[in-house]
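Spelled out, the chains give:
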Amino acid sequence: MVNIRNFTPRLYQETIMASCAKGNCLVILPTGLGKTKTAILAAVQRLNSYPSSKILFLTVTKPLAEQIHNEIKECVDIDEDKIALFTGSVAPSKREEMWKNSIVTVSTPQCIENDIINNRIELENISLIVVDEAHNAVKDYSYTWVAKQYHKKSRFPRIIGLTASPGSDLERIQEVCKNLYIEEIEI
């Protein structure tokens, strides 16, 4: 059983997490209101529902990846060596080895896209992908391609998109939802 630690979820985070437990969800909250912690709650729920599965957090920059990696280490009761950080500065062969041993991986989407193309990671056993800065899931950005591959290959797919600013253009928001297979939006 995986547990959270070092934080007490707020009621709205638990409510949003309940939506995330039912289907793919886009979470729109202002900066500082705990989108990542809400995603961590969902990750713990998925790990407990699918004990041999993996969780993948994707984010757009190396500094954001490091920040999320640290937050997961602080808030999830898993051995630190089971929480991997992939960025372009980690050699592909090293990422492949780290992937085999990890339960949770935080990565930039370009690393994951390259690792999928080169068969260094498998998507079948990932029970949740969290897409940080989800408003970037448009056109041919790596998020879109990774989500499509994951949707095709995972045995138990679940995608949660996180954003503070989904955009004011309805077409763009609809494109993000389509590209991430979003079924519900929590604002």
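Everything here concerns the structure above.
What comes next is a walk through the structure.

## Observations regarding the overall build of the chain
Next up, step 1: In terms of helices and strands, the chain carries seven helices and seven strands.
Next up, step 2: Helices and strands appear in the chain in the N-to-C order α-β-α-β-α-β-α-β-α-β-α-β-α-β.
Next up, step 3: At 15 Å, the chain has a C-alpha radius of gyration in line with the 16 Å of a compact globule built from 187 residues.
Next up, step 4: Dimensions of the chain, computed from C-alpha atoms along their principal axes, come out at roughly 40 × 35 × 30 Å.
Next up, step 5: Taken across its 187 residues, the chain has 53% of its residues classed as buried.
Next up, step 6: A separation threshold of at least 6 residues defines the contact pool for the chain, and within that pool the share at least 24 residues apart is 73%.
Next up, step 7: With an accessible surface of roughly 8800 Å², the chain has 49% of that area assigned to carbon and sulfur atoms.
Next up, step 8: On the chain, the mean spot of the 22 positive side-chain charges and the mean spot of the 23 negative ones are 3 Å from each other.

## Regarding the pattern of salt bridges
Next up, step 1: All told, the structure shown has five salt bridges when counted by the stated rule.
Next up, step 2: Ionic pairing is found between Asp 77 and Arg 5, a salt bridge with its closest N-O pair at 3.5 Å. One end of the pair, Asp 77, is in the loop between α3 (62–75) and β3 (83–86); the other, Arg 5, is in the segment before α1 (11–22), and 72 residues separate them in sequence.
Next up, step 3: For Asp 77, a relative accessible area of 42% corresponds to the partly exposed category.
Next up, step 4: Across the salt bridge formed by Lys 73 and Glu 80, the nearest N and O atoms sit 3.9 Å from each other.

## Structural notes on helix α5 (residues 109–117)
Residues separated by three or four positions in an α-helix point in the same direction, a consequence of the helix having 3.6 residues per turn.
Next up, step 1: Of all the positions in α5, only Pro 109, Cys 111, Ile 112, Glu 113, Asp 115 and Ile 116 are classed as buried.
Next up, step 2: Buried residues in α5 make contact with β2 (54–58), β3, α4 (92–101), β4 (104–107) and α6 (142–153).
Next up, step 3: Directly beyond the C-terminal end of α5, a positive phi value near 55° is found at Asn 119.

## Considering the pairing of β4
Next up, step 1: With burial as the criterion, each face of β4 is covered, one bearing Val 104 and Val 106 and the other bearing Thr 105 and Ser 107.
Next up, step 2: Of the pairings in the sheet, the one linking β2 to β4 comprises four bridges and is parallel in character. In the strand pairing of β4, Phe 57 is matched with Val 106.
Next up, step 3: The pairing of β3 with β4 spans four bridges and is classified as parallel. Following the sheet pairing, Ala 84 is matched in β4 by Thr 105.
Next up, step 4: Note that the unit made of β3, α4 and β4 has a crossover that is right-handed.

## Looking at the side chain of Ser 102
Next up, step 1: On the secondary structure map, Ser 102 appears in the loop between α4 and β4.
Next up, step 2: A polar contact of 3.2 Å, which involves the side chain of Ser 102, links it to the backbone oxygen of Trp 99.

Conventions adopted
Residues numbered from 1 in each chain as written. Predicted model: local features only at pLDDT ≥ 70, side-chain atom pairs only at ≥ 80, totals over all residues. Heavy atoms only, no water. Helix = DSSP H or I, 4+ residues; strand = E, 2+ residues; numbered from the N terminus. Rg over C-alpha atoms; globule rule 2.2 N^0.38 Å. Buried < 20%, exposed > 50% of the residue type's maximum accessible area, 1.4 Å probe, protein only. Contact = heavy atoms within 4.5 Å. Areas by Shrake-Rupley, 256 points an atom, 1.4 Å probe, with all protein chains shown as cover. Lys, Arg positive; Asp, Glu negative; His and termini not counted. Charge placed at Lys NZ, Arg CZ, Asp CG, Glu CD. Salt bridge = Lys/Arg side-chain N within 4 Å of Asp/Glu carboxyl O. Pairing = 2+ DSSP bridges. Right-handed = clockwise from strand over helix to strand, strands pointing away. Polar contact = N/O pair within 3.5 Å; in protein donor to acceptor, adjacent residues only side chain to side chain.

By themselves, these figures tell us nothing about what the structure is for.
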